[in-house]
Amino acid sequence: MAMSSMFFCNSQLSVLFIILGNLLYCCYSSSHNFESHAHPICGPYHPAHAIPIFPEDVDLMQFPLNLEFLEAELFLFAALGYGLDKIAPKLALGGPPPIGARKANLDHLTMAIIEEFGFQEVGHIRAIERTVGGFPRPLLNLSAHNFAKLMDQAFEYPLIPPFDPYRNSLNFMLASYLIPYVGLTGYVGTNPFINGYKAKALLAGLEGVEAGQDAVIRMYLYERAKEMVEPYNITVEEFTIKISKLRNELGKCGIKDEGIFVPLELGAENRTCSNVLSANFDSLSYPRTPNEVLRIVYDTGNEHIPGGFYPKGGNGRIARELLEHPS
């Protein structure tokens with residue numbers, strides 16, 4: 001009887017210990033889960049012991065400043081009537097003010113978009129200069145005359161009256177179509193050559209916003225594809241096709257640019273003529289080298305001969321060496 005009573009007591013104790021153990025486990029688990037939810041893990045955003053910036057990253061990541069300065073001044077002036085020298089003068093690093101930039105006649109929607117783009121470009125310039133250093137803003141030609149010359153070149157005959165990007169919202173968005181996409185393809189082309197984690201992060205961040213800007217511009221124009229651009233009796237669609245064709249010709253490295261509508265063989269999976277986003281056979285963004293980018297923005301088809309938006313050429317080691325050592 002004593003043995004039986006002792007066995008019963010031990011059994012009760014065992015059950016009690018199991019219950020207590022389960023309760024303690026539940027309490028610990030709940031506490032641990034609560035702490036995990038209260039303090040979620042963020043990062044890491046780069047491999048441990050990785051090198052932030054390699055020496056060869058610097059010139060490649062400074063080069064885009066040429067286009068970032070161009071976009072910042074174009075967008076800020078169009079939306080606000082003034083540019084970097086008023087918004088963030090130190091970022092210009094003593095470079096000359098742009099030629100011919102002025103406030104555009106924009107509707108409320110377009111002005112809101114372009115103003116945001118302008119401030120985004122200020123952030124891009126600051127991020128590049130802070131990460132890899134910078135160089136003075138190059139001399140930029142943002143005059144209506146320069147844009148008119150580009151459009152005449154795209155159509156292979158003079159538009160009458162000369163195209164004026166500042167005339168209205170549609171004209172300005174067509175003018176804007178000329179620029180961010182070139183920067184986007186430049187970032188895609190630079191990507192494989194960047195090694196440092198901080199330089200890679202900078203490039204990815206810039207590329208993402210640049211792609212977004214280009215998508216907004218293309219969608220704006222896509223929605224108006226069949227509208228006539230006054231007073232030329234030419235559709236928005238045709239303007240984009242002609243501009244993209246010109247950039248391909250200036251770049252001299254095949255098709256890397258497409259209008260908002262394309263032949264079926266250039267559409268996504270060869271199944272659509274709609275082309276809201278410009279992309280290759282696998283729907284990946286096209287790459288361009290610094291040399292290709294300069295051929296286009298100089299409007300000369302030659303990275304050694306300045307012109308177009310850069311009357312005296314771009315700045316930074318890559319652009320200056322190409323100007324100083326013509327092939």
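Preceding this section is the structure that the text describes.
Residues numbered from 1 in each chain as written. Predicted model: local features only at pLDDT ≥ 70, side-chain atom pairs only at ≥ 80, totals over all residues. Heavy atoms only, no water.

Chemist: Looking at this structure, I do not really get the overall build of the protein chain. What am I missing?
Modeler: In terms of regular secondary structure, the protein chain is built from 12 helices and two strands. Overall, the protein chain shows an N-to-C arrangement of helices and strands of α-α-α-α-α-α-α-α-α-β-β-α-α-α. Taken over 327 residues, the protein chain has a buried fraction of 47%. Counting only contacts in the protein chain whose residues sit at least 6 apart along the sequence, the fraction spanning at least 24 positions is 71%. Summed over its atoms, the accessible surface of the protein chain is roughly 16400 Å², and 63% of this surface lies on carbon and sulfur atoms. (Helix = DSSP H or I, 4+ residues; strand = E, 2+ residues; numbered from the N terminus. Buried < 20%, exposed > 50% of the residue type's maximum accessible area, 1.4 Å probe, protein only. Contact = heavy atoms within 4.5 Å. Areas by Shrake-Rupley, 256 points an atom, 1.4 Å probe, with all protein chains shown as cover.)

Chemist: What should I look at first to understand helix α3 (residues 65-80) in this one?
Modeler: Side chains three or four residues apart in an α-helix point the same way, a direct result of the helix having 3.6 residues per turn. In a regular helix each residue adds 1.5 Å, so 16 residues correspond to 22 Å; α3 covers 21 Å between its end C-alpha atoms and thus fits that length. Judged by how many residues are buried, α3 sits mostly within the fold: 15 of 16 residues are covered. Just downstream of α3, G81 is the residue with a positive phi angle, here 90°. (Expected span 1.5 Å × (residues − 1).)

Chemist: When you look at the pattern of salt bridges in this model, what are you seeing that I'm missing?
Modeler: Proximity of charged atoms lets side chains of opposite charge pair with each other. Inspection of every chain in the model, using the stated rule, returns 13 salt bridges. Measuring nitrogen to oxygen at the nearest pair gives 3.0 Å for the salt bridge that ties R137 to D85. Highlighted residues: R137 in the loop between α5 (108-132) and α6 (144-155) and D85 in helix α4 (residues 84-87), separated in sequence by 52 residues. Classification of R137 by relative accessible area gives buried; the value is 1%. Note that D257 is salt-bridged to R288, the shortest N-O span being 3.2 Å. Here D257 is found in the loop between α10 (236-251) and α11 (290-297), whereas its partner R288 is found in the loop between α10 and α11, with 31 residues between them in sequence. One network of salt bridges, with partners in common, ties together D59, R317 and E321. (Salt bridge = Lys/Arg side-chain N within 4 Å of Asp/Glu carboxyl O.)

Chemist: Looking at this structure, I do not really get the packing of aromatic side chains. What am I missing?
Modeler: The description of an aromatic ring pair rests on the distance of the ring centres and on the angle between the ring planes. On inspection of all chains with the given rule, the structure shows nine aromatic pairs. Residues F147 and F309 carry aromatic rings whose centres are separated by 5.3 Å and whose planes lie at 65° to one another, so their mutual orientation is edge-to-face. In this pair, F147 is assigned in helix α6 and F309 in the loop between α11 and α12 (317-324), connecting sequence segments 162 residues apart. A centroid spacing of 4.8 Å and a plane angle of 70° characterise the contact between F155 and F239, whose relative ring orientation is edge-to-face. With a gap of 84 residues between them, F155 in helix α6 and F239 in helix α10 connect regions that are remote in the sequence. Judged on exposure class, the residue F155 and its partner F239 are both buried. (Phe/Tyr/Trp six-rings, centres within 6.5 Å; stacked < 30°, edge-to-face > 60°.)

Chemist: Teacher, can you tell me more about the side chain of E303 here?
Modeler: Examined against the element boundaries, E303 turns out to sit in the loop between α11 and α12. Of the residues examined, E303 reaches a relative accessible area of 9% and is grouped as buried. Engagement of the side chain of E303 in a polar contact is seen with the side chain of N291, the distance being 3.0 Å. A distance of 2.8 Å separates the side chain of E303 from the side chain of R295, its partner in a polar contact. (Polar contact = N/O pair within 3.5 Å; in protein donor to acceptor, adjacent residues only side chain to side chain.)

Chemist: Explain α12 here, please?
Modeler: Those residues of α12 not exposed but buried are I318, A319, L322 and L323. The arc enclosing the buried residues of α12, seen along the axis, measures out at 130°, which places them on a common side. Looking at the buried residues of α12, the elements they touch are α2 (55-62), α3 and α11. (Arc of directions from axis to C-beta.)

Chemist: Mind showing me how you'd approach unusual backbone geometry here?
Modeler: Peptide bonds are, in most cases, trans, and in most cases residues other than glycine have a negative phi. In this chain, G43 is followed by P44 through a cis amide linkage whose omega measures 0°. At the junction of I160 and P161, the peptide bond is cis and its omega measures out at 0° in the coordinates. Position of P161 relative to the elements: it lies in the loop between α6 and α7 (169-176). Unlike most non-glycine residues, L93 shows phi in positive territory, near 50°. Mapped onto the fold, L93 is located in the loop between α4 and α5. For L93, a relative accessible area of 40% gives the class partly exposed. A positive phi angle, near 60°, is found at S283, a position not held by glycine. Looking at where S283 falls in the secondary structure, it is placed in the loop between α10 and α11. Judged by relative accessible area, S283 falls into the partly exposed class, the value being 42%.

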